[in-house]
Amino acid sequence: TQANFENMYENINKTMVEAGIAEELEEEIQYETGLPTKFKLTHPDYLLFVDETGCNTNQLNDGKVGGEVFIMPKNCGDGAAPAGATTDLHFTVLPFISGTGEPVLCSIIFKSEQDIKDIPLNWKLGIDLTVEGADADDLEKVAKGGPTCVYKGKEIPCFYGASPKASITSTLLADMLKYLDTIGVYDRNVARPFLLLDGHGSRFELPFLEY
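In this text the structure is predicted, and so the values were computed from the model without any measurement.

**Topic: the overall build of the protein chain**
- Of regular secondary structure, the protein chain possesses five helices and ten strands.
- Here the protein chain holds 211 residues, and the buried ones make up 28% of them.
- Across the protein chain, the fraction of contacts at a sequence separation of at least 24, relative to all contacts at a separation of at least 6, is 61%.
- Approximately 13700 Å² of the protein chain is accessible, and the part contributed by carbon and sulfur atoms is 53%.

**Let's talk about the pairing of strand 3 (residues 47-50)**
- In the sheet, strand 3 pairs with strand 10 (residues 194-196) via three bridges, with the strands oriented parallel. Each residue of the ladder has a partner; that of leucine 47, found in strand 10, is phenylalanine 194.
- Where strand 3 meets strand 5 (residues 90-98), three bridges bridge the pair, whose relative direction is antiparallel. Its bridge partner being in strand 5, leucine 48 is matched across the sheet by serine 98.

**Quick look at the nonpolar core**
- Counting residues in each nonpolar core, the largest one holds 28 residues, and the members touching the most others are Phe96, Val104 and Met176.
- Those elements that provide at least two residues to this core are helix 1 (2-19), strand 3, strand 5, strand 6 (103-111) and helix 4 (170-183).
- Of the residues forming this core, the biggest block, five residues, is contributed by helix 4.
- Counting eight residues, the second-largest nonpolar core is a separate cluster that includes Cys106, Ile108, Cys158 and Ala162.

**Some remarks on the pattern of salt bridges**
- Applying the stated criterion across every chain, the model contains nine salt bridges.
- Taking the shortest distance from any N to any O, the salt bridge between aspartate 51 and arginine 203 comes out at 3.9 Å. Taken as a pair, aspartate 51 in the loop between strand 3 and strand 4 (53-56) and arginine 203 in the loop between strand 10 and helix 5 (206-210) lie far apart in primary sequence, 152 residues in all.
- Given a relative accessible area of 40%, aspartate 51 falls into the partly exposed group.
- With its nearest N and O atoms 3.0 Å apart, the salt bridge here joins glutamate 52 to arginine 203. With a gap of 151 residues between them, glutamate 52 in the loop between strand 3 and strand 4 and arginine 203 in the loop between strand 10 and helix 5 connect regions that are remote in the sequence.

So, how was this worked out
Residues numbered from 1 in each chain as written. Predicted model: local features only at pLDDT ≥ 70, side-chain atom pairs only at ≥ 80, totals over all residues. Heavy atoms only, no water. Helix = DSSP H or I, 4+ residues; strand = E, 2+ residues; numbered from the N terminus. Buried < 20%, exposed > 50% of the residue type's maximum accessible area, 1.4 Å probe, protein only. Contact = heavy atoms within 4.5 Å. Areas by Shrake-Rupley, 256 points an atom, 1.4 Å probe, with all protein chains shown as cover. Pairing = 2+ DSSP bridges. Core = buried A, V, L, I, M, F, W, Y, C linked by side-chain atoms within 4.5 Å. Salt bridge = Lys/Arg side-chain N within 4 Å of Asp/Glu carboxyl O.

Put into structure tokens, the structure is as follows:
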């Protein structure tokens with residue numbers, strides 16, 4: 001209902017003011033879109049959004065009308081055997097995006113009963129198919145791991161985690177925030193970083209809430 005939406009926005013806006021990333025004005029202002037508001041975001045660079053999406057390495061269902069599409073070696077000709085993966089290996093990707101629209105962190109969760117430190121190294125390295133020319137023979141450039149973000153002058157390598165179903169857990173979510181804090185992305189003398197999330201169960205468990 002409209003009342004629920006208004007209540008949600010009112011609480012979010014007031015908490016942003018408490019965090020120091022927004023201010024409440026005496027009079028409402030009208031932005032290009034949306035309803036008038038008394039709240040103005042002052043530090044969008046301290047606002048974070050994140051949500052997860054599940055993926056699978058199996059490409060059998062990646063076809064399109066008119067024919068199936070596979071990843072194949074470059075310049076191999078039409079007669080080459082398909083090189084697309086057909087093994088089910090689920091994983092989850094979580095992109096952390098700043099209120100400025102910039103990528104802050106890419107997190108990948110593998111499906112495994114093992115701890116992340118015991119996961120095979122080649123899972124984390126992968127192969128970058130976009131590398132061309134002489135660099136294609138340089139393993140450091142071809143197998144350099146997941147996406148690295150550069151934000152607020154900090155280089156933030158991809159975060160890797162593991163869970164039995166490749167799903168997000170409260171502990172993993174807390175670990176991702178600890179990872180950003182260890183790198184020192186945010187100066188809390190300026191403001192407190194504000195993470196805006198949906199209502200997934202992992203957001204309501206103690207490891208994340210306590211952190």
